[in-house]
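Report on the structure
So you can see what is in the structure, the chains are spelled out below.
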Amino acid sequence: MRRLAARPRLRTIIRTAGPLLVMLLLGGCLFPPTPETTQAKDVFTLYVVVFIMGAVVFFGVEGAIVYSIIRYRRRDDRLPDQLHGHTLVEILWTAIPTVIVMFLFVWSTLTLTTIDAKSDPAVTVEVTGFQWQWTFHYLDGDNDPKNDYSVTGTPANPPVMGLPIGEPIRLILKSSDVIHSFFVPHFLVKRDVIPFPNGINPNELEFTISDPGTYGGQCAEFCGELHSKMTFTIQAMAPADYQKWLADVKAGKTPPPSGTPPPGAAVINLTAQNVAFDTSNIQVPAGKPFVIHFDNKDAIAHNVGIYQGGKEVFTGQIVTGPTTVDYQVPALPAGSYTFQCDVHPSQMTGTLVAK
Amino acid sequence: MATTTLTPQAAAYRRSWILEWLTTVDHKKIGIMYIANSFFFFFLAGILALVMRSELAVPGLQFLDDRTYNEAFTMHGTIMIFLFVVPVLAGFANYIVPLQLGAPDMAFPRINALSFWLLPVGGLMIMSGYLFGGAAAEGWTGYTPLSSAYSPGPGTDLWLIGLILVGTASILGSVNFIATIFKMRAPGMTLFRMPIFVWTVLVTMTLILLATPVLTAGLIALFIDRNYGGSFFEPSAGGNPILWQHIFWFFGHPEVYIVILPAMGVVSEVLPVFSRKPLFGYRAFVFATVGIGLLSFSVWAHHMFTTGVVFLPFFSFMTALIAVPTGVKMFNWIATLFRGSISLTTPMLFALGFISMFLIGGISGVMLAEPPIDFHLQDTYFVVAHLHYVFFGGSVMGVFAALYYWFPKMFGRRLNETLGKTHFWLMLIGFNLAFFPMHMLGIQGMPRRVADYSPDAGWTLLNIISTVGAFTIAISILPLMLNVVATFINGERVGDDPWEGNTLEWATSSPPPPYNFDTLPPIRSERPVFDLRHKHDREQLAPALTAESEASS
């Protein structure tokens with residue numbers, strides 16, 4: 001309890017000293033971005049404490065080295081005093097670093113306890129990392145996944161996660177392939193997204209955002225070819241705005257068209273399995289709308305996009321299998337096109353000919 | 001005078017120059033081959049670093065595609081660690097340790113040759129993926145399942161086999177060194193009279209012997225997962241990918257000390273010689289070295305704080321604790337300089353560069369040891385900066401200190417001091433330009449191992465500075481290469497003991513004969529050559545002592 005009482009005062013000191021140091025040291029490049037969650041603010045405080053102690057050690061030791069080099073340069077052939085050691089001094093300089101690192105250990109462990117504390121979350125989002133993007137699936141607690149809002153990004157079109165401020169958020173971090181890591185610099189935190197075997201619960205991350213704003217994030221654990229394209233954005237807003245945002249995105253979400261294709265339209269079957277299409281050649285009638293009956297047998301996200309000369313002609317909605325979807329493709333002029341899965345453009349691609 | 005006379009053996013028979021080097025079991029020739037081979041790989045991995053820095057200078061992909069970039073940093077890391085820093089220090093140890101012990105050779109000369117020859121074979125195998133559809137591209141840490149089911153192709157298999165060979169070479173070498181140090185010391189050389197470099201090599205080799213077999217087992221398990229349907233690390237079959245990280249870092253953290261301890265040993269030889277004082281607190285230094293070695297096996301999971309599955313306080317505590325013996329060493333070095341008689345020769349400059357740059361790596365290491373801070377900095381450029389301040393600012397500075405310090409012993413000629421100092425200052429400036437901005441990039445949130453970054457991120461200026469620094473380092477290598485060539489052609493011949501050394505390698509000719517010593521001086525301290533040089537001027541040795549005895553008489 002006494003610790004809690006003492007902390008605000010120390011924080012005040014740090015808050016006064018912090019900005020001064022920020023101005024002094026390279027425009028703040030050695031300090032983390034403005035912390036935007038309550039947890040991040042604690043981490044920032046700890047960082048400032050450790051940084052100041054590190055700076056003191058740095059200037060002290062470098063100073064001693066430079067002083068010795070200048071002061072004790074060789075001037076003659078006289079042999080200096082052959083001092084082999086000094087027990088008291090050696091005990092002292094073993095003890096002092098021990099005390100310093102123990103102090104840092106205690107402070108960091110206390111901070112760790114604070115930032116890892118669990119609470120009852122207002123919003124829970126299941127985050128799935130895959131090669132090479134993210135799916136954000138909002139769990140609304142009614143056990144009916146059909147009503148949930150879910151968004152899947154592509155390397156060219158990263159997803160947005162809308163979140164309310166001032167309320168605890170819980171992310172459940174799952175991977176459908178390799179290890180990724182969910183990292184938001186302004187939250188001063190990352191947590192690995194690991195494909196655990198059955199029986200081990202996925203990692204979770206909890207935080208409470210303090211200010212509205214747009215915060216970029218990206219995958220921090222190297223995950224293969226397009227690792228650097230696994231970016232995303234967090235849109236933090238007031239709780240009322242969040243509810244409106246959620247309703248909007250839910251309403252704006254076009255449900256996968258299904259059932260009756262327009263009469264007379266050609267239906268092309270395309271299956272995705274093991275991160276591969278079942279065919280690399282598709283023929284469609286030119287000048288007529290057609291339907292791609294897409295069967296995603298993988299437990300990860302795929303879609304079908306059609307391109308000509310690198311320009312997008314049609315982009316189907318990304319779906320996580322196993323599921324089927326009917327894409328209504330508008331009429332295409334005669335010619336040769338490429339089709340691909342926008343999530344796995346290097347592995348899943350083929351040629352589409354309209355004639 | 002108590003001297004030990006060894007009987008010189010006549011050269012058995014004459015062989016051609018090439019055949020002699022290919023079949024030699026002489027620790028000195030093998031040591032030189034280790035060093036030459038390591039520098040060959042250093043240049044290759046250095047070129048890869050320049051390629052990466054060129055790509056990262058500004059946003060957008062200019063020179064490489066993602067895949068090629070990933071291969072570049074994977075090969076850069078693997079080659080620098082396994083085929084440059086570790087073997088080059090093993091090479092100096094190979095040359096110097098038997099000399100410092102007053103021994104005629106290593107305990108097992110043929111095993112010594114075998115452990116050398118496995119290196120170029122393993123190294124070329126690691127890189128040969130480039131000839132077979134692409135080198136390994138999973139990072140030098142090869143995290144599963146990215147390195148198993150998600151990386152088809154022979155590149156990763158070749159990487160695994162090459163590493164197994166290199167690891168085997170290390171294990172064989174470590175047994176050889178430990179046997180040599182325990183069984184081949186000259187009469188009079190007790191353990192606490194061994195040069196500090198030998199002590200650091202002894203601890204290093206013990207770490208290799210305990211840690212490397214663990215990695216080798218892990219590499220074999222991964223090879224089985226990839227090729228024979230194993231599921232050690234395969235989550236879909238019930239394996240756990242985190243197991244790989246435990247195995248890798250149980251090796252990987254001692255590996256950091258395998259790389260830094262011999263360099264600390266070099267620095268602890270160089271600082272006393274050019275301060276003309278004994279190493280301050282020799283015994284404390286030995287205990288600190290052993291302490292670091294022991295602690296290094298209890299900190300591996302600090303590389304895994306963000307996995308969410310390790311007990312953070314334990315690994316945080318042990319990691320913080322390892323700063324204490326490291327700090328003791330730092331203070332011992334400074335106390336060695338204090339009230340010394342300091343000459344700023346090239347090896348001394350590199351040794352001083354070591355202590356001032358390694359300090360920064362140590363401080364950033366303590367920052368990373370706090371889990372909440374690590375949650376922010378892990379896998380960012382801050383870690384890249386930290387590890388380069390340890391490996392480059394530390395180990396590589398130590399390697400160059402060793403090169404300039406022992407070059408006259410190996411070849412009888414001293415490297416040119418002007419070129420050497422040019423090399424040092426260019427490298428020091430380039431190093432800090434290249435790696436200091438990486439701290440800031442990491443703190444601002446730039447992840448490591450990305451081929452590209454957004455122009456809106458605000459990281460461009462720091463990346464440009466870093467790239468300029470990397471090319472400055474590359475330029476600093478030019479005076480070194482010129483220096484080596486010029487010295488071989490027309491270098492200054494400086495006799496057997498140009499630096500007024502303390503340890504036994506300076507008691508024989510430069511270069512030493514195949515059997516190393518005609519005679520050995522008596523060994524009564526850790527500085528037998530110093531004692532021999534100053535045996536007649538006791539009053540100079542200990543003026544205080546003489547004054548005391550005069551006052552009392």
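Right, let's talk about the overall build of chain A for a bit. Helices and strands together make up the secondary structure of chain A, namely four helices and 20 strands. The buried share of chain A, taken over its 355 residues, is 48%. In chain A, of all internal contacts separated by at least 6 residues, the share reaching a separation of at least 24 is 65%. Total accessible area on chain A is roughly 16900 Å²; 60% of this is exposed by carbon and sulfur atoms.

Attention now moves to the overall build of chain B. Across its full length, chain B carries 18 helices and four strands. The C-alpha atoms of chain B give a radius of gyration of 24 Å, which matches the 24 Å a tight globule of 553 residues would have. Taken along the three principal axes of its C-alpha coordinates, chain B extends 80 × 55 × 45 Å. Put simply, chain B has 553 residues, and 66% of those count as buried. With an accessible surface of roughly 18600 Å², chain B has 69% of that area assigned to carbon and sulfur atoms. Here chain B contributes 28 positive and 31 negative side-chain charges, whose respective centroids are spaced 11 Å apart.

Here we take up helix H2 (residues 27-56) of chain B. Taking 1.5 Å of rise per residue, the 30 residues of H2 of chain B would be expected to cover 44 Å, and the 42 Å separating its terminal C-alpha atoms lies within 8% of that figure. The buried count for H2 of chain B comes to 21 of 30 residues, which makes it a mostly enclosed element.

Let's shift gears to the confidence of the model for chain A. Looking at chain A, pLDDT values average 85 and 88% of them are 70 or higher. No element of chain A has a lower mean pLDDT than helix H1 (residues 2-24) of chain A, which averages 56, and none a higher one than strand E6 (residues 180-184) of chain A, which averages 96.

Take the environment of Ala 251 of chain A next. All names here are of chain A. Position of Ala 251 among the secondary structure elements: in helix H4 (residues 239-252). Judged by its relative accessible area of 64%, Ala 251 is exposed. Once the C-alpha coordinates of Ala 251 and Ile 234 are considered, the two residues, 17 residues apart in sequence, prove to be 20 Å apart.

On the side of chain B, 95 residues touch chain A, which itself brings 81 residues to the contact. Interface of chain A and chain B: buried area, both sides summed, is about 7300 Å²; carbon and sulfur atoms make up 68% of it. Sorting the residues of chain A by area buried against chain B places Leu 79, Trp 93 and Phe 222 of chain A first, and these three jointly supply 10% of that buried surface. At the junction of chain A with chain B, the criterion picks out one salt bridge. Of the charged contacts in the structure, one is a salt bridge between Asp 66 of chain B and Lys 229 of chain A, with a shortest N-O distance of 3.5 Å. Inspection of the chain A/chain B interface yields 17 residue pairs in polar contact (both at pLDDT 80 or more). Considering every element that reaches the side of chain A that touches chain B, the biggest residue donor is helix H2 (residues 38-71) of chain A, with 15 residues.

In this section: the packing of aromatic side chains. Scanning the model with the defined rule gives 76 aromatic pairs over all chains in all. With 6.2 Å between their ring centres and 85 degrees between their planes, Tyr 67 of chain A and Tyr 72 of chain A make a pair best called edge-to-face. The exposure class of Tyr 72 of chain A is buried, given its relative accessible area of 10%. Arranged with centres 5.7 Å apart and planes meeting at 85 degrees, the rings of Trp 134 of chain A and Phe 182 of chain A form a pair that is edge-to-face. Taken as a pair, Trp 134 of chain A in strand E2 (residues 133-139) and Phe 182 of chain A in strand E6 lie far apart in primary sequence, 48 residues in all. Grouping residues by exposure puts Trp 134 of chain A and Phe 182 of chain A together as buried. One aromatic cluster is present, built from ring pairs that chain together Phe 39, Phe 42, Phe 43, Phe 84, Phe 350, Phe 400, Tyr 404, Phe 424 and Trp 425 of chain B. Arg 414 of chain B extends its terminal NZ or CZ atom over the ring of Trp 499 of chain B, reaching a point 4.9 Å from the ring centre. The ring centre of Phe 530 of chain B lies 3.7 Å from the NZ or CZ of Arg 527 of chain B, which sits over that ring.

In this section: helix H10 (residues 323-337) of chain B. Each α-helix winds once per 3.6 residues, and so residues spaced three or four apart point in a common direction. Residues and elements named next belong to chain B. Helix length check: H10, at 15 residues, gives a terminal C-alpha distance of 21 Å against a target of 21 Å (1.5 Å per residue), a fit within 8%. Within H10, 13 of the 15 residues are buried, which leaves the element mostly enclosed by the surrounding structure. Within two residues after H10, Arg 339 carries a phi angle of roughly 60 degrees, on the positive side.

It is worth spelling out a nonpolar patch on the surface at this point. Residue and element names in this part refer to chain B. Taken together, the side chains of Val 58, Trp 425, Ile 429, Leu 433, Ile 464 and Val 468 define a hydrophobic patch exposed on the protein surface, amounting to about 500 Å² of accessible area. Elements with a minimum of two residues in the nonpolar patch: helix H14 (417-444) and helix H15 (460-490). The element best represented in the nonpolar patch is H14, accounting for three residues. Mapped onto the fold, Trp 425 is located in helix H14. With relative accessibility at 46%, the residue Trp 425 sits in the partly exposed group.

Now for the pairing of strand E12 (residues 281-284) of chain A. Residues and elements named next belong to chain A. Burial along E12 is one-sided: Ile 282 and Val 284 are buried, while Asn 281 and Gln 283, pointing the other way, are not. Pairing of E12 with strand E20 (residues 349-354) involves four bridges; the strand directions are parallel. Bridging across to E20, Val 284 finds its partner in Ala 354.

What follows covers the side chain of Thr 380 of chain B. Within the element layout of this structure, Thr 380 of chain B appears in the loop between helix H12 (371-377) and helix H13 (381-411). In terms of polar contacts, Thr 380 of chain B uses its side chain to reach the backbone carbonyl oxygen of Leu 377 of chain B, at 2.6 Å. In contact with Thr 380 of chain B, other than residues within four places in its own chain, are Phe 183 and Lys 190 of chain A together with Gly 442, Met 446, Pro 447 and Arg 448 of chain B.

Let's shift gears to the side chain of Glu 255 of chain B. Residue and element names in this part refer to chain B. Residue placement: Glu 255 occurs in helix H7 (residues 241-275). Nearest to the buried, unbridged Glu 255 among oppositely charged side chains is Arg 449, at 13 Å. In this structure Glu 255 touches Ile 81 and Val 86, once residues within four positions along its chain are discounted.

For the structure on display, the rule yields 16 salt bridges over all chains. Of the charged contacts in the structure, one is a salt bridge between Lys 29 of chain B and Glu 20 of chain B, with a shortest N-O distance of 3.2 Å. When its relative accessible area of 18% is taken as the criterion, Glu 20 of chain B is described as buried. Linked by salt bridges that have partners in common, Arg 170, Glu 204 and Glu 206 of chain A make up one network.

For the pair H2 of chain A and H10 of chain B, interaxial distance at closest approach is 9 Å and the crossing angle is 20 degrees. Taken together, the axes of H2 of chain A and H10 of chain B lie roughly parallel to each other. Between H2 of chain A and H10 of chain B lies a crossing whose hand is left-handed. Contacts from Val 61, Ala 64, Ile 65 and Ser 68 of chain A of H2 of chain A reach H10 of chain B at Met 330, Ile 334 and Leu 337 of chain B. Tallied by class, the residues present in the contact of H2 of chain A with H10 of chain B amount to six nonpolar, one polar and no charged.

Before going further, it helps to spend a moment on the sheet that holds strand E8 (residues 203-208) of chain A. All names here are of chain A. Judged by pairing direction, the sheet is mixed, and its five strands sit side by side in the order E3-E2-E1-E5-E8 without closing on themselves. Single-partner strands in this sheet number two, and they are strand E3 (150-152) and E8. Strand-to-strand, the axes of this sheet are offset by a mean angle of 20 degrees, without reference to chain direction. For strand E5 (residues 168-175) and E8, the ladder comprises six bridges, and the chain directions are antiparallel. By the bridge assignment for E8, Leu 171 is matched with Leu 205.

For the bond running from Thr 144 of chain B to Pro 145 of chain B, omega is 0 degrees, close enough to zero to count as cis. A cis amide bond links Ser 510 of chain B to the next residue, Pro 511 of chain B, at an omega of -10 degrees. With respect to the element layout, Pro 511 of chain B can be found in the loop between strand E3 (492-493) and strand E4 (519-520). With a phi close to 50 degrees, Leu 188 of chain A is a non-glycine residue in the positive phi region. Assignment of secondary structure puts Leu 188 of chain A in the loop between E6 and strand E7 (189-193). Non-glycine residue Asp 379 of chain B carries a positive phi angle of around 60 degrees.

So, how was this worked out
Residues numbered from 1 in each chain as written. Chains lettered and ligands numbered in written order. Predicted model: local features only at pLDDT ≥ 70, side-chain atom pairs only at ≥ 80, totals over all residues. Heavy atoms only, no water. Helix = DSSP H or I, 4+ residues; strand = E, 2+ residues; numbered from the N terminus. Buried < 20%, exposed > 50% of the residue type's maximum accessible area, 1.4 Å probe, protein only. Contact = heavy atoms within 4.5 Å. Areas by Shrake-Rupley, 256 points an atom, 1.4 Å probe, with all protein chains shown as cover. Rg over C-alpha atoms; globule rule 2.2 N^0.38 Å. Lys, Arg positive; Asp, Glu negative; His and termini not counted. Charge placed at Lys NZ, Arg CZ, Asp CG, Glu CD. Expected span 1.5 Å × (residues − 1). pLDDT = per-residue confidence, 0-100. Buried area = accessible area lost by both parts, 1.4 Å probe. Salt bridge = Lys/Arg side-chain N within 4 Å of Asp/Glu carboxyl O. Polar contact = N/O pair within 3.5 Å; in protein donor to acceptor, adjacent residues only side chain to side chain. Phe/Tyr/Trp six-rings, centres within 6.5 Å; stacked < 30°, edge-to-face > 60°. Lys NZ or Arg CZ within 6 Å of the ring centre and 35° of its normal. Patch = residues over 30% accessible without salt bridge, like charges linked within 9 Å, V, L, I, M, F, W, Y side chains within 5 Å. Pairing = 2+ DSSP bridges. Axes fitted to C-alpha atoms, helices over the stretch in contact; angles between N-to-C directions. Parallel < 35°, antiparallel > 145°, perpendicular 65-115°, else oblique. Left-handed = near helix turned anticlockwise from the far one by under 90°. Nonpolar A, V, L, I, M, F, W, Y, C, P; charged D, E, K, R; others polar.

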